[in-house]
Amino acid sequence: MNQTTRIIPRNIPGGLARHEAQVARDLEMLNLPPRAWVPPLARDGVDVRDVVVIGAGMNGIAAAGALIFKGIRNIAVLEESAPGQEGPWVTTARMDTLRSPKTLPGPCFGIPSLTFRAWYEASFGLEAWEALYKIHNATWQDYLSWLQRVLRLPVNHGVRVTRISPAEGLLRLTLSDGRSMLARRVVMATGRAGAGGLHRPNFVAPDLFPELAALAPTPIDFAALRGKSLGLIGGGASAWDNAATALEQGAAEAHMYVRRATLPQINKGRGSAGPGFHMGWDALSLEERWNLIVYMHDAQAPPPHETVKRALKLPGFHIHLSSPTKSARRGGRGVVIELADREVTHDFLIIGTGFVVDMDRVPELADFAPHIARWQDRYTPPEALQRPEMAAFPFLGPGLELQPRDASAPPELGLIHLMNYGAHATHGGIASDIPGVAVAGEKVSTAILRHLFQAEIGALRRELEAFDEPELEGTPFFVPR
Ligand SMILES: Cc1cc2nc3c(=O)[nH]c(=O)nc-3n(C[C@H](O)[C@H](O)[C@H](O)COP(=O)(O)OP(=O)(O)OC[C@H]3O[C@@H](n4cnc5c(N)ncnc54)[C@H](O)[C@@H]3O)c2cc1C
């Protein structure tokens, strides 16, 4: 049996229901969630949410759960996708399993019964857990959907936030269904493409899309590629996954064109996953952080070995190293790819060149983009360490909030927290990959708590003064008021 063959384990009857009772008990033991303590706010009769979280993927879950567990309960989570379709896992992620080890706790808030393992064992039994090699995409998605449910997160599906605008000390969110919403803070947990979108190389002719070309992390009709010849640009995990998926679904051949002479060998992301890098990154000086940013950027990440083996065993798979693409255009039977020494033609082209971080390309942030501080505004590296694509990362505050480029920025800019890959340069790998997700949720929710507490200290002080539970009633020392 292939290590990655999906075994669909049998559900343990009543297992999950019993486990949910355990989760309820754990939360009760921890007094979670605490009562809401933030005084309600309305403007012109309209309720103002304390926080709107955009995105109900794992980072959105981590943020929303951490807020609720801090008594910040007047929140909304807005999600464009349908329930169970959040993030890439069951749509555009085309690997068989997650890259990460199965022992990842997930966004569990330190509560053992909320870990992936506890959910899996309760659902399918210990034997199934032991037999599990790595987590299948759909299984991970099921776990995340369960977390949304068991934490009772207020997720509103099928709604896209199209714009965030300043609104006199608040933020106004414009929604795809025509509504708008006011919030004191916004957390953008908008995923890997949420800080600038997909990378579309300018050497690929735009008129190839969508008939003859697609970017890897988008919906692709693989059935239409049956019997066809496919070209792919890029050597990262997603190019490999797309080549394998196409061949498994009947494509005649898949040719990957890779610029590098050898593939990256070591996953430094895994090497740096842990409390030190996750919680200590922003304690470093800008120079120290930049050195790490450049080191990680230059190392790149190899595709997982399971992915490589999956593709290599498929007839029709070809990889061409040291083959940078000069251009791709219409011609011949479909697409002509110009390489250094020859031209090749294919029926269809898939481009796996990843994601960009560019604050000018985040539609929700169009009102703020010119005012957002980037790394290039705050730090100038020595010439040998200049990396323009990393210099474009936003320079964030300690709670992952946007920072003003200069004094002309609207003050509301700092009310937006960027909990996605855009946080990487300032905070390391906490807001994108699974191992860091709890750290990002904690940082963002703590920063928001501090802000709300400060903003509401007048009302909270009055509430404290009105608090009159008589401790000494029934003792000789009771002084009636
Ligand atoms: C193919 C692939 C494989 C990966 N494999 C691994 C792995 O094995 N291990 C690992 O640690 N990491 C992996 N990652 C990285 C990371 O864990 C994932 O990208 C993960 O999905 C990040 O979670 P998230 O919550 O930040 O984003 P997502 O899961 O993408 O969720 C973001 C959500 O925001 C919603 N959204 C975005 N914009 C809006 C808007 N304006 N309005 C409303 N909703 C919006 C989206 O619909 C989406 O559901 C992988 C990433 C990819 C792309």
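Treat the numbers as computed from the prediction; the structure is a model and nothing was measured.

**So, the domain arrangement of the chain**
For step 1, the next point in the chain: Under the domain assignment, the chain is made up of domain 1 (15-196 + 357-458) and domain 2 (206-265 + 302-351).
For step 2, the next point in the chain: Counting from both sides, the interface comprises 7 residues of domain 1 and, opposite them, 16 residues of domain 2.
For step 3, the next point in the chain: Both sides of the domain 1 and domain 2 interface together cover about 820 Å² of buried area, and 42% of this is carbon and sulfur.
For step 4, the next point in the chain: Among the residues of domain 1 in contact with domain 2, Thr92, Arg94 and Arg99 are the three that bury the most area, contributing 69% of the side total.
For step 5, the next point in the chain: At the junction of domain 1 and domain 2, the tally comes to 2 salt bridges.
For step 6, the next point in the chain: When grouped by side-chain class, the residues that make up the side of domain 1 that touches domain 2 number 2 nonpolar, 1 polar and 4 charged.

**So, the packing of helix H2 (residues 58-68) against helix H14 (residues 437-455)**
For step 1, the next point in the chain: In contact at an axis separation of 8 Å, H2 and H14 are set at 45° when each is read in the N-to-C sense. Put simply, H2 runs oblique to H14. Crossing of H2 against H14: the hand is right-handed. From H2, Met58, Asn59, Ala62, Ala63, Ala66 and Leu67 reach across to H14, where they touch Val437, Ala440, Gly441, Glu442, Ser445 and Ile448.
For step 2, the next point in the chain: Looking at the contact of H2 with H14, its residues break down into 8 nonpolar, 3 polar and 1 charged.

**Topic: the site of the ligand**
For step 1, the next point in the chain: Around the ligand lies a shell of 29 residues, among which Asn59, Glu79, Arg99, Ser100 and Glu364 are the nearest.
For step 2, the next point in the chain: Interatomic distance of 2.6 Å between a side-chain N/O atom of Glu79 and an oxygen atom of the ligand.
For step 3, the next point in the chain: Within the backbone of Ile434, one N or O atom sits 2.8 Å away from an oxygen atom of the ligand.
For step 4, the next point in the chain: Looking at the shell around the ligand, the elements with two or more residues in it are H2 and strand S3 (75-79).
For step 5, the next point in the chain: Class assignment of the residues belonging to the shell around the ligand gives a composition of 13 nonpolar, 9 polar and 7 charged.

**Points about unusual backbone geometry**
For step 1, the next point in the chain: For the bond from Leu32 to Pro33, the omega torsion is -10°, close enough to zero to count as cis.
For step 2, the next point in the chain: Of the consecutive residues Phe209 and Pro210, the connecting peptide bond is found in the cis state with omega at -5°.
For step 3, the next point in the chain: Considering the arrangement of structural elements, one finds Pro210 in the loop between strand S7 (180-188) and strand S8 (213-215).
For step 4, the next point in the chain: Despite not being glycine, Asp44 shows a phi value in the positive range, around 50°.
For step 5, the next point in the chain: Mapped onto the elements, Asp44 comes out in the loop between strand S1 (41-43) and strand S2 (46-54).
For step 6, the next point in the chain: Phi at Leu400 is positive, roughly 65°, even though this residue is not glycine.
For step 7, the next point in the chain: If you trace the backbone, Leu400 turns up in the loop between helix H12 (388-391) and strand S16 (416-418).
For step 8, the next point in the chain: Residue Leu400 is classed as buried on the basis of its relative accessible area of 0%.

**A short note on empty space enclosed by the protein**
For step 1, the next point in the chain: For the coordinates displayed, the defined rule picks out 1 cavity of 30 Å³ or more.
For step 2, the next point in the chain: Size it by volume and the largest cavity reaches roughly 80 Å³.
For step 3, the next point in the chain: Considering the residues around the largest cavity, the lining is formed by 11 residues, among which Met95, Asp96, Thr97, Glu306 and Thr307 are closest to the centre.
For step 4, the next point in the chain: Broken down by element, the residue count for the lining of the largest cavity peaks at 3 residues, all from helix H10 (residues 305-312).
For step 5, the next point in the chain: Here the lining of the largest cavity is composed, by residue class, of 3 nonpolar, 3 polar and 5 charged.
For step 6, the next point in the chain: Inspection of the lining of the largest cavity shows a minimum of three residues originating in each of domain 1 (15-196 + 357-458) and domain 2 (206-265 + 302-351).

**Let's talk about the layout of surface pockets**
For step 1, the next point in the chain: Of the voids in this model, the second largest pocket is the one considered here, and its volume is about 270 Å³.
For step 2, the next point in the chain: Lining the second largest pocket are 13 residues, and of these Leu27, Pro33, Val150, Leu151 and Arg152 sit closest to its centre.
For step 3, the next point in the chain: For the lining of the second largest pocket, the elements supplying multiple residues, two or more each, are helix H1 (15-29) and helix H5 (137-150).
For step 4, the next point in the chain: The element contributing the most residues to the lining of the second largest pocket is H1, with 4 residues.
For step 5, the next point in the chain: Tallied by class, the residues present in the lining of the second largest pocket amount to 9 nonpolar, no polar and 4 charged.

**Structural notes on the sheet that holds strand S12 (residues 327-331)**
For step 1, the next point in the chain: Here 3 strands make up an open sheet; going across it, the order is S12-S13-S14 and the pairing antiparallel. With partners counted over all chains shown, the strands left at the sheet margins are S12 and strand S14 (343-346), one partner each. On average, adjacent strands in this sheet sit at an angle of 30° to one another, irrespective of strand direction.
For step 2, the next point in the chain: Sheet topology places strand S13 (residues 334-338) next to S14; 4 bridges connect them, and they run antiparallel. Residue Val335 lies in a different strand from S14, and its bridge partner there is His346.

What counts as what
- Residues numbered from 1 in each chain as written.
- Predicted model: local features only at pLDDT ≥ 70, side-chain atom pairs only at ≥ 80, totals over all residues.
- Heavy atoms only, no water.
- Domains from an automatic or database assignment.
- Contact = heavy atoms within 4.5 Å.
- Buried area = accessible area lost by both parts, 1.4 Å probe.
- Salt bridge = Lys/Arg side-chain N within 4 Å of Asp/Glu carboxyl O.
- Nonpolar A, V, L, I, M, F, W, Y, C, P; charged D, E, K, R; others polar.
- Axes fitted to C-alpha atoms, helices over the stretch in contact; angles between N-to-C directions.
- Helix = DSSP H or I, 4+ residues; strand = E, 2+ residues; numbered from the N terminus.
- Parallel < 35°, antiparallel > 145°, perpendicular 65-115°, else oblique.
- Left-handed = near helix turned anticlockwise from the far one by under 90°.
- Near = heavy atom within 4 Å.
- Polar contact = N/O pair within 3.5 Å; in protein donor to acceptor, adjacent residues only side chain to side chain.
- Buried < 20%, exposed > 50% of the residue type's maximum accessible area, 1.4 Å probe, protein only.
- 1 Å grid on protein atoms, 1.4 Å probe; cavity = no way out; pocket = protein on both sides within 12 Å on 5 of 7 lines; lining within 4 Å.
- Points joined across faces, edges and corners; volume = space filled by probe spheres on them.
- Pairing = 2+ DSSP bridges.

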